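# Remarks on the overall topology
Chain residues, written in single-letter form:
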Amino acid sequence: MNKKHILSPEEILAQKTYIEQMRRENDAYAAQTGKRRGAFVMTFGCQQNEADSEKIAGMAKSMGYSLVTDPECADLIMVNTCAIREHAEQKALSIIVKYKHIKAKNPDLVIGVCGCMVAQEHRKNDIKFRYPYVDFVFGTASLHRFPQLLCQKLEKGKRLYCPEETEYTVAEDLPIHRESDYRAWVSIMYGCNNFCSYCIVPYVRGRERSREMHKIVEEVQGLVRDGYKDITLLGQNVNSYAKDSGFPYDFADLLRELDKIEGDYVLRFMTSHPKDADRKLIDVMADSGHIAHQFHLPMQSGSDRILSLMNRKYDTAKYLDIVDYMRKKMPDVTLTSDIIVGFPGETEEDFEGTMRMLETVRFDMLYSFIYSPRKGTPAAEMEQVPQAVKSQRFERLLELQGRIGKEKNDLLVGKTLRVLCDGVSKNNSELYSGRTEGNKIAFFEGDVEDAGKFVNITVKRADAFALYGEKI
Ligand code: 5AD
Ligand code: SF4
């Protein structure tokens, strides 16, 4: 069994020493001024990044910062960046510019930038030369070093650029500040080995490495004990959990073990890769008591030629085979997917293949993206599809999925569903919103006490993206 990728307790202890040092300083400052220093964490990107930000916030809190929701009130701003598409990087860079103005008013403000974008050397250099008010920068591999880097920055007063770690590791037992007290993320593995030709993730998050099963079980047990109702296991490709480390179990075994934990909660996971989604996993889901009948299975394209250029290692026949088996074992399963439109070399015929697959599979919901070239990936060097063609295909895809999504949701009208309520809707203050077991958004007339609890609703109407119901 290979456990070399797990950071030693001594290294974690070293970070805890920095945490203590900062805590003493921040406590002394609070005692002197009557005001506690504030930390603000801004997050871009996927759930994995949100989970990482909860660790940054957890460490900041342990260091004696109070967490603030307004960057104007902060003494420390951390920007956790994403690199998946150009747009995500541009958003992070433009918010960093905004923080420059806050620093102009408060020169003691410390700004740190971390995450996937700055795990790329060229972006780290951009920050170094074009954003001089950023105080320290570190990539995903150095997340656990945040206390040390902050201490060093404050002691030396100089800007600090953490060199990329020589190894990507798993850091256990870091403090976590969870955003919600009823929904939780649990990272079960980090990194990716797949090198899909369009994707930057393997370059910015390193190779796959898994947490030991007993650590995950302990974490989930703790969450259930604390009243968490909806727990999502996270990894770039959860289906290959444990394979990298030679652990004597696999993802289906982990799910089976977690499902034994008693309590009223729902377990989910993301993201799956069709090349590794096997029948054993589907059987465990179908037989379980807690695992949601929900599957996010990115298809990316419905053209075998493009799938091969994408280095996805499955074809549409294999994809359909998994879907058939899944629906046979769980007829009520909610199936969602990711699609990239305008991958280099995508012809009209390839795109029509994708549209046909949408008609055949009939996904409940799609996350669709216009292909964005990522520096250093093979697809960025291939012949690109013109922007106008990409946009036009994207619109056609959205239109088709809009119709299918509405038809699928209409099938739920009249049904009674259990919904985990998130409180008053952000878009319509007269309604409450929540998520069904299939993770669909549902709106209904609720009560203050419903927030964070399961309620049953009867679905009265639906559109492509949401259900509208009456609480029972
Ligand atoms: N351009 C557009 N979409 C991308 N994705 C990953 N890389 C790119 C890219 N370069 C999409 C994939 C993946 C999702 C998280 O983001 O569909 O599944
Ligand atoms: Fe990117 Fe492919 Fe890995 Fe997903 S499986 S993170 S798309 S390289």
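These lines cover the structure that appears in this document, whether it is placed above or below. Just so it is clear, the structure is predicted and the values come from calculations on it, not from any experiment.

The next subject is the site of ligand 1. Taken together, Ile84, Arg85, Tyr198, Gln300, Asp338, Ile340, Phe369, Ile370, Tyr371, Ser372 and Arg374 make up the full set of residues adjacent to ligand 1. One of the side-chain nitrogen or oxygen atoms of glutamine 300 is found 2.7 Å away from an oxygen atom of ligand 1. In isolation ligand 1 exposes 400 Å². Once the protein is present, 86% of that is buried. If you list the elements that add at least two residues to the shell around ligand 1, you get strand E13 (334-341) and strand E14 (365-370). Considering only residue class, the shell around ligand 1 consists of six nonpolar, two polar and three charged.

Okay, the side chain of aspartate 259 next. Position of aspartate 259 relative to the elements: it lies in helix H8 (residues 251-259). Within the buried core, aspartate 259 has no salt-bridge partner, and the shortest N-O distance to an opposite charge, that of arginine 256, equals 8.1 Å. Polar contacts involving the side chain of aspartate 259 include one to the main-chain amide nitrogen of glycine 289, which spans 3.1 Å.

Let us now look at unusual backbone geometry. A cis amide bond, omega 5 degrees, links methionine 270 with the succeeding residue threonine 271. Tracing the backbone through its elements, the reader meets threonine 271 in the loop between strand E11 (266-270) and helix H9 (279-287). The backbone phi angle of alanine 242 is positive, close to 80 degrees, even though this residue is not glycine. Relative to the elements of secondary structure, alanine 242 occurs in the loop between strand E10 (230-234) and H8. Residue classification places alanine 242 among the buried positions, given a relative accessible area of 0%. With phi around 70 degrees, asparagine 439 is a residue other than glycine that occupies positive phi space. Checked against the element boundaries, asparagine 439 lands in the loop between strand E16 (432-436) and strand E17 (441-444).

Turning our attention to the packing of aromatic side chains. Under the counting rule described, the total for this entry stands at 15 aromatic pairs. Where tyrosine 241 meets tyrosine 249, the ring centres are 6.1 Å apart and the plane angle is 20 degrees; that geometry is what we call stacked. Taken as a pair, tyrosine 241 and tyrosine 249 share a single burial class, namely buried. An angle of 20 degrees between the planes, with centres 5.4 Å apart, marks the rings of phenylalanine 443 and tyrosine 468 as stacked. Note that phenylalanine 443 is positioned in strand E17 and tyrosine 468 in strand E19 (residues 466-471), a separation of 25 residues in sequence. We classify phenylalanine 443 as buried; its relative accessible area is 13%. An aromatic cluster is present here, built from Phe136, Phe138 and Phe146 joined pairwise through their rings. The ring of tyrosine 468 carries the charged tip of arginine 461 above its face, separated from the ring centre by 4.0 Å.

On to the pairing of E17. For E16 and E17, the ladder comprises four bridges, and the chain directions are antiparallel. Paired with glycine 434 across the two strands is alanine 442, which belongs to E17. Taking the residues between adjacent antiparallel strands as the criterion, E16 and E17 are bridged by four residues, where asparagine 439 takes a positive phi near 70 degrees. As judged from the three bridges shared by E17 and E19, these two strands associate in the parallel manner.

In the vicinity of ligand 2, the residues found are Cys192, Asn194, Phe195, Cys196, Tyr198, Cys199, Val201, Pro202, Gln236, His273 and Arg312. Split into classes, the residues belonging to the shell around ligand 2 amount to seven nonpolar, three polar and one charged.

Tallied over the full model, the rule gives 41 salt bridges. Note that aspartate 126 is salt-bridged to arginine 130, the shortest N-O span being 3.7 Å. Residue aspartate 126 and its partner arginine 130 are located together in helix H4 (residues 121-130), separated by four residues, close to a single helical turn. Given a relative accessible area of 54%, arginine 130 falls into the exposed group.

If you look at the biggest cluster of nonpolar residues, it comprises 70 residues, and the most contacted ones within it are Ile188, Leu233, Tyr241, Phe251, Phe269 and Phe295. Leaving out residues up to four positions away in the same chain, phenylalanine 269 has contacts with Thr232, Leu233, Val238, Phe251, Leu255, Leu281, Met285, Ile291 and Phe295. Residues Leu143, Phe146, Cys151 and Leu174 belong to the second largest nonpolar core, which totals 25 residues.

So, on to the pairing of strand E4 (residues 110-115). Taking burial as the measure, the six residues of E4 include six buried ones, the bulk of the element. Across the two faces of E4 the burial is the same, with Val110, Gly112 and Cys114 and Ile111, Val113 and Gly115 all buried. Two elements, strand E3 (residues 76-81) and E4, share six bridges in a ladder whose sense is parallel. What sits directly across from isoleucine 77, in E4, is isoleucine 111. Between the parallel elements E3 and E4, the chain passes through helix H3 (residues 86-105) in a crossover that is right-handed. Read from E4 through H4 to strand E5 (residues 136-138), the crossover connection turns out right-handed.

Here is what the cut-offs are and how they apply
Residues numbered from 1 in each chain as written. Chains lettered and ligands numbered in written order. Predicted model: local features only at pLDDT ≥ 70, side-chain atom pairs only at ≥ 80, totals over all residues. Heavy atoms only, no water. Near = heavy atom within 4 Å. Polar contact = N/O pair within 3.5 Å; in protein donor to acceptor, adjacent residues only side chain to side chain. Areas by Shrake-Rupley, 256 points an atom, 1.4 Å probe, with all protein chains shown as cover. Helix = DSSP H or I, 4+ residues; strand = E, 2+ residues; numbered from the N terminus. Nonpolar A, V, L, I, M, F, W, Y, C, P; charged D, E, K, R; others polar. Buried < 20%, exposed > 50% of the residue type's maximum accessible area, 1.4 Å probe, protein only. Lys, Arg positive; Asp, Glu negative; His and termini not counted. Salt bridge = Lys/Arg side-chain N within 4 Å of Asp/Glu carboxyl O. Phe/Tyr/Trp six-rings, centres within 6.5 Å; stacked < 30°, edge-to-face > 60°. Lys NZ or Arg CZ within 6 Å of the ring centre and 35° of its normal. Pairing = 2+ DSSP bridges. Core = buried A, V, L, I, M, F, W, Y, C linked by side-chain atoms within 4.5 Å. Contact = heavy atoms within 4.5 Å. Right-handed = clockwise from strand over helix to strand, strands pointing away.

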